[in-house]
Structures are given as C-alpha cells and as structure tokens.
Amino acid sequence: MSQILNRPKEIIDFCLKPSGLSKESEAYEEVYRRLEHVIRTYQVELAKAKAPVAVDFSQMRTITLNEDAHGQD
C-alpha cells in the first residue's frame, strides 16, 4: 500500500490508527497534540531550507502497537 500523506492530520491519523486508542481519550488527544507540533515544526524547517530533505527511517526499530490491527501476523 502506497499513500502520499502530506498534511499533519492525515499523517497523524495514519500513525495512530493501529494504536487502538479511542479518539475521545486523553491519551489520544495528548499524543495527537505532540505529533502535530512535531510535524508542523518539521514543515516550517523544511520551508526555511528551500531544499529537498531526505528522511531515512530504515534504521528505526519497528514497534507493533496493536497486534489485532495488523492481523496477528
């Protein structure tokens, strides 16, 4: 599955979906607020740089937040 996610809300919703957190929970709201701040700050820095920026997540450890959301495989 290949998706182009370029808006903070799309990115955050995509990332939080497997967490299983209720959108009405305090934990969800806090995580959402923090992720939104990080993404918006990053976007501002990219705009200042006026140059393409590569982000390499290949060295990042994989963490499964919710086995049920991933089909238990």
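Sorry, what's going on with the overall build of the protein here?
In terms of helices and strands, the protein carries two helices and zero strands. Every one of the 73 residues in the protein was classed for burial, and the buried ones make up 12%. Partitioning the intrachain contacts of the protein with sequence separation of at least 6 by distance along the chain shows that 39% fall at a separation of at least 24. Only carbon and sulfur atoms are counted for the fraction: they give 55% of the accessible area of the protein, which is about 6600 Å².

How should the nonpolar core be read in this particular structure?
Counting five residues, the largest nonpolar core is built from I12, L16, Y28, Y32 and I39. Those elements giving two or more residues to this core turn out to be α1 (8-16) and α2 (26-49). It is α2 that provides the largest number of residues to this core, a total of three residues. What I12 contacts, discounting residues up to four positions off in sequence, is Y32, L35, E36 and I39.

Hey, could you run me through α1 in this one?
For the α-helix, the turn length of 3.6 residues means that residues three or four positions removed from each other point alike. When α1 is considered as a whole, its buried residues turn out to be P8, I12 and L16. Looking straight down α1, one finds that the buried residues subtend no more than 45° of arc, so they occupy a single side. On the buried face of α1, the contacting elements are α2.

Before we go on, may I ask you to explain the environment of R33 in this structure?
Along the chain, R33 falls in helix α2. In the structure, R33 is positioned 21 residues away from I12 in sequence and 9.5 Å away in space, judged by C-alpha atoms. There is a polar contact of 2.6 Å between the side chain of R33 and the side chain of E30.

For this particular structure, what's the right way to read α2?
In a regular helix each residue adds 1.5 Å, so 24 residues correspond to 34 Å; α2 covers 35 Å between its end C-alpha atoms and thus fits that length. Among the residues of α2, those classed as buried are Y28, Y32 and I39. Buried residues along α2 sit in contact with α1. Downstream of α2 by a residue or two, K50 has a phi angle that is positive, lying close to 50°.

What counts, and where the lines are drawn
- Residues numbered from 1 in each chain as written.
- Predicted model: local features only at pLDDT ≥ 70, side-chain atom pairs only at ≥ 80, totals over all residues.
- Heavy atoms only, no water.
- Helix = DSSP H or I, 4+ residues; strand = E, 2+ residues; numbered from the N terminus.
- Buried < 20%, exposed > 50% of the residue type's maximum accessible area, 1.4 Å probe, protein only.
- Contact = heavy atoms within 4.5 Å.
- Areas by Shrake-Rupley, 256 points an atom, 1.4 Å probe, with all protein chains shown as cover.
- Core = buried A, V, L, I, M, F, W, Y, C linked by side-chain atoms within 4.5 Å.
- Arc of directions from axis to C-beta.
- Polar contact = N/O pair within 3.5 Å; in protein donor to acceptor, adjacent residues only side chain to side chain.
- Expected span 1.5 Å × (residues − 1).

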